[in-house]
Structures are given as structure tokens and as C-alpha cells.
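The chain contents come next:
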Amino acid sequence: MALLEVENLQTHFATADGVNRAVDGLTFSVEAGETVAIVGESGCGKSVTSMSILRLIPEPPGKIAGAIRFNGKDLLKLSEREMRAIRGNEISMIFQEPMTSLNPVLSIGQQIGEALRLHQGLSKSQAEARAVEMLKLVGIPAPEKRVKEYPHQLSGGMRQRVMIAIALACNPKLLIADEPTTALDVTIQAQILDLMRDLKHRVGAAIVLITHDLGVVAEVAERVIVMYAGRKVEEAPVNELFKNPKHPYTKGLLGAVPKLGSSLTGESTRLAEIPGLVPSLKKRIQGCVFASRCPQQTELCLEIAPALEEKAPRHQAACHYATKEAVPA
Ligand SMILES: Nc1ncnc2c1ncn2[C@@H]1O[C@H](COP(=O)(O)OP(=O)(O)OP(=O)(O)O)[C@@H](O)[C@H]1O
Ligand SMILES: [Mg+2]
């Protein structure tokens, strides 16, 4: 059994002009200790997926269906109280913008300590000692002094380190990081990435990493899920995906990524621009969701949606024309 099993997840939003199918039948899993990246253009449902896992989608207008099993337990069936015991404890999250996620009127130490006192019943002094330890772990100098400071006294990079310290304070089994480096400048991005890789080995948490940056994916992830218009169009181990992309959308995204490892040299490796627009998620599309932008589009694509199929070992793609290699039975 995998640590996290997302099965046929559908997160839809009721809007004035129709239902927005932000996530439409997504299935994937994450093993204990594994790092899985989710990539795709803006609006394809990455953040909605992560918010769904933590059950942070406002209902209404949102509505979640399917199953999200964590250690075999379906999170969608838990009460809000049971869910609160899991959030920030067994599953924690790092958001893109550290300033808006930190509380400006609480000290750094209080914010790290909050989760520890709530979930692990530590006393005030135990929580503060642990907060200092966590600041040390994420590489903040003079942690005894910093623990008493407030968010505005820290630089952007330091605040993101504090966010990571908060997320890891309770030793979560799963960390969801939604664009954890996007708001930072490139040098700091590289430092935070280094930190995440180092922590992955030391802390052993599984990570779901959401990012636009393929350099980050190459550096940190073991497996990659490519999303388009609320669905998974391709999934493969990271080296396989970069070497042998099978979906025309993935090939398009990879177009501007000449070499692996460039994120640590400070070069930005954003997804390539693909001509055309993502289709409206409010309309049912009969054929392939990518057909309207696909250079290989045929009549078949407009009529019949391709199923997500295993095209090579551990490598799935949803394209009628993706080449299929021998998959051992
Ligand atoms: N609370 C909400 N109410 C209505 N629609 C929403 C809500 N939250 C998200 N959506 C819609 O869900 C779709 C997916 O959004 P999501 O934020 O998951 O995209 P994303 O892949 O994270 O994009 P980005 O890369 O820009 O962060 C979008 O069409 C968005 O407008
Ligand atoms: Mg997002």
C-alpha cells in the first residue's frame, strides 16, 4: 500500500456560468519517502489538487469526489476534527508566498511551537527548545535570537526557511510544497532547493512538489506527473520523462529545457510556451483535451479521448499516437 493514493479525484466548483472541473478524474500515488513532482501550466489544477488532499477546498462552491487514501484511510470520509489532527502533523504544506502564510503578530518561535503544542502536547519551554532546533535544522544563523523575532524582521529566503521549519516540526510523513521557491530570487531559490534535498534524506518525509520549474523537477523529484486541464496526461520516473517524453504536451513543455541541473547554477528553466490556450474547464470536451493545441492532431483526437495507458514500464501517457514499448506483463 502506498502512503498516499489519490483515486479518481474530481474537484469541481459551481460558478455563475457553469461548473468548473478544476480536477477531473485524477489518479496517482506516492510511496513513503518518495518525491513526486506535479507540473503543468497555470490553471491546470495543481493547487486545487493539493488543497483537496488537505481538504482545504471551500465547500461550496467546491465539491470533492473520489478517494484520497492516506495510510489506507480515506481522508474524504474523516470528520473535520479528525482532519485537523492530520493537517500540520502527519501531512503538512508549504505555500508559495511565505509572508501571507506567516502570522505577522506572532514570533517565529510561537509559530513553530503552535503545531508542536497542539499536536504533540509539548509545554511552552519544550516547544521553544524544539523551535530553536528546527531553525538550526533549516540553516538559520543565530537561532536563539531569531526564534524571538517576527516575520517582518526576516528576509524572504529566511521566511521560507521558517515555513519549512514549521512544516517539518511535527515530523510529517507527507509534505506538500506548492511552488515553494517561485517567490524567491534565483540564488535563494537554489539554497532552498539544496535545503529541501538535504532534508529529504535526513527527515525521510514523502514530498509532493508542485512547480513550474523543470530544473527543480530534475534536481529533486523521482517521479513526475504532468497535468493538463485538470487531468493527468503523462506520468513517468524523472529521467525517463526527460529522455523519452511521450505526450505532445510534455514534449512542448520540455521544449525550452536544454539541460538538466541548470537550476542550481541559477539559470531559470521555466516551462516552454506552447501556442494556444488551455480550453475552458466549464465545457465538456469530446475528444482529447489537448487536441486544440496539438501539432499532431487528427480527426480521431477530436472524436475520442485517449485513455491513460502504460506505454513503457512505469510510464503512462494519454495520447492515441504515443509509441508503446514492450511492457512486461
Ligand atoms: N475557490 C475557487 N472557486 C472557483 N474556482 C476555483 C477556485 N479555486 C480554484 N479554482 C479554479 O480551478 C482551476 C485550477 O486552479 P489551480 O489554482 O489549481 O491552478 P494551478 O495549476 O495551481 O495554477 P498556477 O500554476 O497558476 O498556480 C482554475 O480554473 C481556477 O480558477
Ligand atoms: Mg497553483
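In this text, all values refer to a predicted model and were calculated from it rather than measured experimentally.

Criteria and thresholds
Residues numbered from 1 in each chain as written. Chains lettered and ligands numbered in written order. Predicted model: local features only at pLDDT ≥ 70, side-chain atom pairs only at ≥ 80, totals over all residues. Heavy atoms only, no water. Axes fitted to C-alpha atoms, helices over the stretch in contact; angles between N-to-C directions. Helix = DSSP H or I, 4+ residues; strand = E, 2+ residues; numbered from the N terminus. Parallel < 35°, antiparallel > 145°, perpendicular 65-115°, else oblique. Left-handed = near helix turned anticlockwise from the far one by under 90°. Contact = heavy atoms within 4.5 Å. Nonpolar A, V, L, I, M, F, W, Y, C, P; charged D, E, K, R; others polar. Domains from an automatic or database assignment. Buried area = accessible area lost by both parts, 1.4 Å probe. Polar contact = N/O pair within 3.5 Å; in protein donor to acceptor, adjacent residues only side chain to side chain. Buried < 20%, exposed > 50% of the residue type's maximum accessible area, 1.4 Å probe, protein only.

**Description of the packing of helix 7 (residues 156-168) against helix 8 (residues 186-203)**
Packed helix pairs are specified by the crossing angle of their axes together with the interaxial distance, meaning the distance between the axes.
Now for step 1: Close contact between helix 7 and helix 8 brings their axes to 10 Å; oriented N to C, the two are set at 20°. With respect to helix 8, the element helix 7 is oriented roughly parallel. For helix 7 against helix 8, the interelement crossing comes out right-handed. Residues Gly157, Gln160, Arg161, Ile164 and Leu168 of helix 7 touch helix 8, and the partners they reach there are Ile188, Gln191, Ile192, Leu195, Met196, Leu199 and Val203.
Now for step 2: When grouped by side-chain class, the residues that make up the contact of helix 7 with helix 8 number eight nonpolar, three polar and one charged.

**Comments concerning the domain arrangement of the protein chain**
Often, the extent of an interface is quoted as the loss of accessible area upon association of its parts.
Now for step 1: Entries for the protein chain in the domain assignment read domain 1 (1-90 + 172-258) and domain 2 (95-171).
Now for step 2: Of note, the centres of domain 1 and domain 2, computed from C-alpha atoms alone, are 24 Å apart.
Now for step 3: Carbon and sulfur atoms supply 67% of the area that domain 1 and domain 2 bury against each other, a total of about 1700 Å² over both sides.
Now for step 4: Inspection of the domain 1/domain 2 interface yields three residue pairs in polar contact (both at pLDDT 80 or more).

**Details of the packing of helix 4 (residues 108-120) against helix 5 (residues 124-137)**
Now for step 1: Here helix 4 crosses helix 5 at 115°, and the two axes come no closer than 8 Å. Put simply, helix 4 runs roughly perpendicular to helix 5. Handedness of the helix 4/helix 5 crossing: right-handed. On helix 5, the residues touching Ile108, Gly109, Ile112, Gly113, Leu116 and Arg117 of helix 4 are Lys124, Ala127, Arg130, Ala131, Met134 and Leu135.
Now for step 2: Among the residues forming the contact of helix 4 with helix 5, the class breakdown is seven nonpolar, two polar and three charged.

**A closer look at the environment of Lys173**
Now for step 1: Here Lys173 lies in the loop between helix 7 and strand 7 (174-178).
Now for step 2: On the accessibility criterion, Lys173 (39% relative accessible area) is partly exposed.
Now for step 3: For the pair Lys173 and Gly66, spaced 107 residues apart in sequence, the C-alpha to C-alpha distance is 22 Å.
Now for step 4: Non-local contacts of Lys173, meaning those with residues more than four positions away in its chain, are made with Leu3, Phe70, Asn71, Glu90, Ala205 and Ala206.

**Structural notes on the side chain of Glu235**
Now for step 1: On the secondary structure map, Glu235 appears in strand 10 (residues 231-237).
Now for step 2: A polar atom in the side chain of Glu235 sits 2.5 Å from the side chain of Arg223.
Now for step 3: One polar contact links Glu235 to Lys232, side chain to side chain, over a distance of 2.6 Å.
Now for step 4: Setting aside residues no more than four positions away along its own chain, Glu235 makes contact with Phe28, Arg223, Val224, Ile225, Arg314, His315 and Gln316.

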